[in-house]
Amino acid sequence: MTRERRIDYVEFASSDPAASRAFFEAVFGWSFVDYGSDYTAFDDGRLQGGFFRATPQQASTGAPLLVLYADQLLTVQSAVQQAGGRIVREVFSFPGGSRFQFIEPGGNELAVWSERDPA
């Protein structure tokens, strides 16, 4: 697969980049490299990006919504909550799967979806 004209890197504003790092390491297993206290870069194994210190915007107010995938939706929802994430939309079904939305400790709203039935 070529990188030409594809999303190559994504950056998130975070009120606390260190808290965002700890959350995504704990819940999703992402690896990180810090560049000072105001920026941390991540690698999720497929996509790279970073968190920079600023006020994040929520998807509910028009910011893009990044959607992650998980085979076991309820297991990930529990891990999100245990790591300090706040569920803002409980699991709901849609044609093709189910998902939930959460806000991570740095203030970003994301979603997790699965094509499997969460029950």
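Placed above this text is the structure.
Residues numbered from 1 in each chain as written. Predicted model: local features only at pLDDT ≥ 70, side-chain atom pairs only at ≥ 80, totals over all residues. Heavy atoms only, no water.

**Q** Just give me the short version of the pattern of salt bridges, but keep the residues and values in it.
**A** In the structure shown here, the tally under the stated rule is six salt bridges. As a salt-bridge pair, D34 and R21 come within 2.8 Å of each other at their nearest N and O atoms. Residue D34 is found in strand β2 (residues 31-34), and its partner R21 is found in helix α1 (residues 17-28); the two are separated by 13 residues along the sequence. Residue D34 is classed as partly exposed on the basis of its relative accessible area of 44%. Via salt bridges that share partners, R21, E25 and D34 belong to a single interconnected network. (Salt bridge = Lys/Arg side-chain N within 4 Å of Asp/Glu carboxyl O. Helix = DSSP H or I, 4+ residues; strand = E, 2+ residues; numbered from the N terminus. Buried < 20%, exposed > 50% of the residue type's maximum accessible area, 1.4 Å probe, protein only.)

**Q** So what's going on with the pairing of strand β7 (residues 97-103)? Which residues, and what values?
**A** In terms of burial, β7 is a largely internal element, seven of the seven residues being buried. The alternating pattern of β7 places G97, R99, Q101 and I103 and S98, F100 and F102 on opposite faces, both of which are buried. Sheet analysis places strand β6 (residues 86-94) next to β7, joined by six bridges and oriented antiparallel. Residue pairing for β7: F94 is matched across the bridge by G97. The sheet contact formed by β7 and strand β8 (residues 109-114) spans six bridges and is antiparallel. Across the sheet, residue F100 finds its bridge partner in β8, namely V112. If you look at the hairpin formed by β7 and β8, you'll find five residues sitting between the two strands, and G107 has a positive phi there, around 105°. (Pairing = 2+ DSSP bridges.)

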